[in-house]
Amino acid sequence: MQDSKNRVKIEVSNQITISGLPLNIEQRVKDTLTVQNNEFWKMQRMGIRVPQEFKYWKLAKSGDLVIPRGCLGRLKKFLDKVNISAEWTYDLVSIPRLPYKLLLELRDYQKTIV
């Protein structure tokens, strides 16, 4: 189990922000769940020296790892596989349901579908 000050914190909003991962696990997450920056590879081929932190498309300004929200399921499976517990925070936008009244008359074959 991890110390409380080294606890992994994951915030889920329009993207997933991860902080407190051990370095070896963070590297595996970066390699499998982040989007690589094509400009980094282009500059590498041209012989321009580029810092390694630009290898991946996004890192938060605080140094936290940012991955696309679509990787949430894969991230959960990965953390379960390597036996890392995390403190999850969800900041998702919820839209209230609007009452919608259908003003159209359905045909008989459409009524069975709806």
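For the structure itself, look to the data block above.
Residues numbered from 1 in each chain as written. Predicted model: local features only at pLDDT ≥ 70, side-chain atom pairs only at ≥ 80, totals over all residues. Heavy atoms only, no water.

**Structural notes on the overall build of the protein**
Scanning the protein from terminus to terminus reveals 4 helices and 4 strands. Tracing the protein from N to C terminus, the helices and strands come up as β-β-α-α-β-α-β-α. Put simply, 61% of the contacts in the protein that link residues at least 6 apart link residues at least 24 apart. Of the roughly 9300 Å² of accessible surface on the protein, a fraction of 53% belongs to carbon and sulfur atoms. (Helix = DSSP H or I, 4+ residues; strand = E, 2+ residues; numbered from the N terminus. Contact = heavy atoms within 4.5 Å. Areas by Shrake-Rupley, 256 points an atom, 1.4 Å probe, with all protein chains shown as cover.)

**Observations regarding the nonpolar core**
Counting residues in hydrophobic clusters, the biggest one holds 18 residues, and the most contacted among them are Ile10, Ile18, Leu21, Val29, Ile67 and Leu75. By residue number, the principal contributor to this core is helix α3 (residues 72–81), which donates 4 residues. Apart from the residues lying within four places of it in its own chain, the contact partners of leucine 75 are Ile10, Ile16, Ile18, Leu33, Ile67 and Trp88. (Core = buried A, V, L, I, M, F, W, Y, C linked by side-chain atoms within 4.5 Å. Buried < 20%, exposed > 50% of the residue type's maximum accessible area, 1.4 Å probe, protein only.)

**Re the pairing of strand β2 (residues 15–19)**
Bridging between strand β1 (residues 8–12) and β2 involves 4 bridges; their strand directions are antiparallel. Bridging from a neighbouring strand, valine 12 pairs with isoleucine 16 of β2. Hairpin connection of β1 to β2: 2 residues between the antiparallel strands. The pairing of β2 with strand β3 (residues 65–68) spans 4 bridges and is classified as antiparallel. Bridge assignment links glutamine 15 to a residue of β3, and that residue is proline 68. (Pairing = 2+ DSSP bridges.)

**A few points about the sheet that holds β2**
Taken in spatial order, the 4 strands line up as β3-β2-β1-β4 in an open sheet, and their pairing is mixed. Each edge of the open sheet is held by one strand with a lone partner, namely β3 and β4 (86–90). The sheet shows a mean angle of 20 degrees between the axes of neighbouring strands, direction not considered. Sheet topology places β1 next to β4; 5 bridges connect them, and they run parallel. Looking across to β4, one finds that glutamate 11 is bridged to threonine 89. Across the face of the sheet, helix α1 (residues 23–33) comes into contact with β2 and β3 while running at roughly 30 degrees to β3. Against the sheet, α3 touches β1, β2, β3 and β4, its axis set at about 165 degrees to β4. (Axes fitted to C-alpha atoms, helices over the stretch in contact; angles between N-to-C directions.)

**Some words on the packing of α1 against α3**
Direction vectors running N to C along α1 and α3 enclose 145 degrees, while the axes themselves pass 12 Å from each other. The two elements α1 and α3 cross, and the hand of that crossing is right-handed. Contacts between α1 and α3 involve Ile25, Arg28, Val29, Thr32 and Leu33 from the first element and Arg74, Leu75 and Phe78 from the second. Of the residues contributing to the contact of α1 with α3, the split by class is 5 nonpolar, 1 polar and 2 charged. (Left-handed = near helix turned anticlockwise from the far one by under 90°. Nonpolar A, V, L, I, M, F, W, Y, C, P; charged D, E, K, R; others polar.)

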